[in-house]
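Each chain, written out:
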Amino acid sequence: IEPISTSIAVGMAVALTGFLASYQNILNYFHECCRPEWISLNRTGLQRDLKTKLFGQHIASRIVLKAVSGFMANKNPKKPLVLSLHGWTGTGKNFVSQLIAENIYKKGMDSSFVHFFTAQHHFPNSNQIETYKSQLKRWIKGSVTNCARSMFIFDEMDKMHPGLIDSIKPFLDYYEKLDGVSYQKAIFIFLSNAGGESIIETALNFWRAGRDREEIELKDLETALSLSVFNNKKSGFWHTSLIDKHLVDFFVPFLPLEYRHVVQCVLAEMKAKNLKPKKSVAEQVARDLVYSPKSERAFAVKGCKTIGSKLDYYM
Ligand SMILES: Nc1ncnc2c1ncn2[C@@H]1O[C@H](COP(=O)(O)OP(=O)(O)OP(=O)(O)O)[C@@H](O)[C@H]1O
């Protein structure tokens, strides 16, 4: 072996390795991949967003921050994080999922590791359940194989076929590995209106008693989120099966929104649209919404849901 050519060959190999490593680094820098540079919790960011962007949801805010930061700080979770978000329409369930995604994934909801399903859009035909089941299972397995820190959001959970929910149950469980894949670092978020009416009832009792909304505690809503409530035909079946096996880690109640929260939503929407926030216009928009019960006008029937489109009309 000739020493000079050997040194040149070794030198070239080292240089090539170095080049490939830096090329990989550059690639990772520009192209989303399953690494901490792209996926890691910004706890301060999540805390700030929940405090400043989410209105009227002190309980949800607290639970979500604790649940997500505890889970993400755990290097070896025993099971995936499963959150079940409940409440009336337009109260912020999708919005909170978005805030979670934005503070974990650099690309937020646009991340290729965040998967969003909605019952009526993705699984519309009940006669195709078997196809949906195998597609969904394959999708979840493929995604988690690709990246353990994947997030799955299921909207309109109360409209999902029970068979489909059954098919995802194994992924939520305490298995170390399922067919060679570990799901323990994934996050599953279920959104539904189930329990919404009972949450409103509790909030209304506080309102009528002239008590501060912030005084409402999770334990006050426990009945609303209890099995007995979910156990009705309309919204119950899926929950029973998940609760029975203790697969849901946190039930997160969303309170109905009041006039003052709607005003905050309108002002936030103005800011988002680069419009100069005008309180008088925000109050006008909020005043023109429908509230329930009619006599007391306690809670906005559609929460903050239609604000975006309404604002165009008022400005
Ligand atoms: N509590 C809130 N704080 C701030 N903004 C809110 C809140 N609730 C709703 N919004 C605004 O209204 C929009 C619609 O709300 P969102 O989609 O989160 O409602 P939802 O609870 O998921 O309703 P649904 O049950 O009908 O799906 C959000 O994108 C956000 O801009």
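Everything that follows concerns the structure shown earlier in this document.
Residues numbered from 1 in each chain as written. Predicted model: local features only at pLDDT ≥ 70, side-chain atom pairs only at ≥ 80, totals over all residues. Heavy atoms only, no water.

### Some points on unusual backbone geometry
Turning to step 1, where the next piece is worked out: Backbone torsion omega between serine 292 and proline 293 reads -10 degrees, so that peptide bond is classified as cis.
Turning to step 2, where the next piece is worked out: Note on placement: proline 293 falls in the loop between strand E6 (291-292) and strand E7 (299-300).
Turning to step 3, where the next piece is worked out: The backbone phi angle of glutamate 156 is positive, close to 55 degrees, even though this residue is not glycine.
Turning to step 4, where the next piece is worked out: Relative to the helices and strands, glutamate 156 is located in the loop between strand E3 (151-155) and helix H7 (162-172).
Turning to step 5, where the next piece is worked out: Non-glycine residue asparagine 274 carries a positive phi angle of around 60 degrees.
Turning to step 6, where the next piece is worked out: Along the chain, the position of asparagine 274 falls in the loop between helix H11 (259-272) and helix H12 (279-287). (Helix = DSSP H or I, 4+ residues; strand = E, 2+ residues; numbered from the N terminus.)

### Comments concerning H7
Turning to step 1, where the next piece is worked out: Of all eleven residues making up H7, eight are buried, and the element is well covered by its neighbours.
Turning to step 2, where the next piece is worked out: Listing the buried residues of H7 in full gives Gly163, Leu164, Ile165, Ser167, Ile168, Lys169, Phe171 and Leu172. (Buried < 20%, exposed > 50% of the residue type's maximum accessible area, 1.4 Å probe, protein only.)

### Some words on the site of the ligand
Turning to step 1, where the next piece is worked out: Every one of the 17 residues lining the ligand counts as a neighbour, but Phe55, Thr89, Lys93, Asn94 and Lys305 are closest to it.
Turning to step 2, where the next piece is worked out: Threonine 91 places a polar main-chain atom, nitrogen or oxygen, 3.1 Å from a nitrogen atom of the ligand.
Turning to step 3, where the next piece is worked out: Relative to its free-state accessible area of 630 Å², the ligand is covered by the protein chains to the extent of 84%.
Turning to step 4, where the next piece is worked out: The element contributing the most residues to the shell around the ligand is helix H4 (residues 93-104), with three residues. (Near = heavy atom within 4 Å. Polar contact = N/O pair within 3.5 Å; in protein donor to acceptor, adjacent residues only side chain to side chain. Areas by Shrake-Rupley, 256 points an atom, 1.4 Å probe, with all protein chains shown as cover.)

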